[in-house]
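Observations on the model geometry
Residues per chain, in single letters:
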Amino acid sequence: MKSIIITGGAGFIGSHVVRLFVNKYPEYRIINLDKLTYAGNLANLKDIENKPNYTFVKADICDFDTILSLMKQYEVDGIIHLAAESHVDRSIKDPFTFAKTNVIGTLSLLQAARLYWESLPEQYEGKRFYHISTDEVYGALEMTHPEGIEPPFKTTASSTDHHLAYGTDFFYETNKYNPHSPYSASKASSDHFVRAFHDTYSMPTIVTNCSNNYGPYQFPEKLIPLFINNIRHHKPLPVYGKGENVRDWLYVEDHARAIDTIFHNGKIAETYNIGGFNEWKNIDLIKVLIRTVDRALGNEEGASEKLITYVTDRAGHDLRYAIDSTKLQKELGWEPSLQFEEGIAMTVEWYLSNQEWMDNITSGEYENYYNEMYKNR
Ligand code: NAD
Ligand code: DAU
């Protein structure tokens, strides 16, 4: 039996990974380790909470002693590490919390795993430390395009025919790190620690860097759930700057499937980029989102465009992210399962039929935070 700690399992992506592993691998013991910060919510895992192969432990990844004793207690063979502070805007306000959780927390997990695994007769054999990171560590890409061709243009630079790109360059696994926000700087630092534990102690590590995820259970401070909820409440939709920044969007369950594939079949010490070749300018995505929500709510399509409010840009706002995931597709056979319009329709439908989930999160403390955050924009 494999015993696996998944950190951050009551957050957005982590809950999808926990659900996938608990349902797909009844022979594994899945320990969801989460501190339950503002972003962690056990309601995200209601459907699997009573499964016999699932255990929830409320703990802080920075608490080295507790992590070490959990490693021993559950005889852990694998760690899939997602726990983190994840919102760029919060990192601009409070960088220390990001350094603590993302850097020190990751280091404390690595050190606990090392001490426990090195104490076993088989040492690192059959063990795995899989660190989930972000494409933001690579920095920002330009919007360059071939002469005479306006973006988005069809590119042959990647493995996907459908790829419409906003630039000629992409994030590859070999790119140098160049983070700009305190969030991405903290994730970059944690990635370096993970690789250092492989190079120094021979720990079997893997790092993946994924693009923007969307789908059910995302905390509504992030663009897509925030805007769906604001449209429902006829609240302003705060578009940063001119809305021209480009992000590369992947449905969260496709990310969870990639994590499953890589955890089981990825090569030790490798890095894999995960992304759906799905670049969108924010303002274009927002208009698709508005049309989809209006349709679902029975409004005239596009009526909610009047809620669009251009606000002060995010400090250091990265212009464009675009992942090349050819390596993952070619070496491990993973590919995204959904077209974006399909994924967005499913996502809108989920948020509108789970309004209680949304209302529980957005009432009280978060509402005050949100109002404070947007007061001066
Ligand atoms: P999230 O903010 O929704 O969830 C983070 C989870 O970590 C929460 O459950 C929170 O309670 C937990 N956590 C925070 N600090 C903790 C601590 N000290 N100890 C234990 N648990 C703690 O985040 P997400 O969007 O699901 O992202 C998950 C991971 O994936 C992060 O590492 C993030 O950097 C990475 N990632 C996210 C995206 C994205 O688009 N959301 C894309 C690529 C990579
Ligand atoms: O690229 C992967 C990253 O994607 C992850 O590592 C992060 O954890 C995740 O939060 C996400 O980062 P972004 O900053 O790209 O996501 P966010 O949803 O905050 O913003 C998406 C884009 O929309 C970005 O260009 C900023 C813009 N935006 C965002 C918000 C919240 C707005 O214009 N208005 C908003 O209110």
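Refer to the structure presented above.
Residues numbered from 1 in each chain as written. Chains lettered and ligands numbered in written order. Predicted model: local features only at pLDDT ≥ 70, side-chain atom pairs only at ≥ 80, totals over all residues. Heavy atoms only, no water.

Regarding the packing of helix 1 (residues 12-24) against helix 7 (residues 252-265)
The geometry of helix 1 relative to helix 7 is characterised by a closest axis approach of 9 Å and an angle of 60 degrees between their N-to-C directions. As judged from the angle between their axes, helix 1 and helix 7 are oblique. Of the two elements, helix 1 crosses helix 7, and the hand of that crossing is right-handed. Side by side, helix 1 and helix 7 meet where Phe12, Ile13, His16, Val17, Leu20, Phe21 and Lys24 of the first sit next to Val252, Glu253, His255, Ala256, Arg257, Ile259, Asp260, Phe263 and His264 of the second. Taken together, the residues that form the contact of helix 1 with helix 7 break down as 9 nonpolar, 3 polar and 4 charged. (Axes fitted to C-alpha atoms, helices over the stretch in contact; angles between N-to-C directions. Helix = DSSP H or I, 4+ residues; strand = E, 2+ residues; numbered from the N terminus. Parallel < 35°, antiparallel > 145°, perpendicular 65-115°, else oblique. Left-handed = near helix turned anticlockwise from the far one by under 90°. Contact = heavy atoms within 4.5 Å. Nonpolar A, V, L, I, M, F, W, Y, C, P; charged D, E, K, R; others polar.)

Brief notes about the environment of Asp313
Within the secondary structure, Asp313 is located in the loop between strand 14 (308-311) and helix 9 (326-332). Sequence separation of Asp313 and Val103 is 210 residues, and the distance between their C-alpha atoms is 27 Å. Apart from residues no more than four positions distant in its own chain, Asp313 is found in contact with Tyr240, Gly241 and Arg377. Among the polar contacts listed, one links the side chain of Asp313 to the side chain of His317, at a separation of 2.6 Å. (Polar contact = N/O pair within 3.5 Å; in protein donor to acceptor, adjacent residues only side chain to side chain.)

Some thoughts on the site of ligand 1
Residues in contact with ligand 1 amount to 29 residues; listed here are only the nearest, Ile13, Asp34, Ser86, Tyr183 and Lys187. In the model, an oxygen atom of ligand 1 is placed 2.7 Å from a nitrogen or oxygen of the Lys187 side chain. For ligand 1, the protein covers 97% of the area, taking 830 Å² as the surface of the free molecule. At the level of secondary structure, the elements contributing two or more residues to the shell around ligand 1 comprise helix 1, strand 5 (128-134), helix 5 (182-201) and strand 9 (212-214). No other element matches strand 5, which puts 3 residues into the shell around ligand 1. Looking at the shell around ligand 1, its residues break down into 13 nonpolar, 11 polar and 5 charged. (Near = heavy atom within 4 Å. Areas by Shrake-Rupley, 256 points an atom, 1.4 Å probe, with all protein chains shown as cover.)

Comments concerning the environment of Ala269
Along the chain, Ala269 falls in the loop between helix 7 and strand 12 (271-274). Judged by its relative accessible area of 38%, Ala269 is partly exposed. Residues Ala269 and Ser202, 67 residues apart in the sequence, show an inter-C-alpha distance of 9.1 Å. In this structure Ala269 touches His198, Thr205 and Ile206, once residues within four positions along its chain are discounted. (Buried < 20%, exposed > 50% of the residue type's maximum accessible area, 1.4 Å probe, protein only.)

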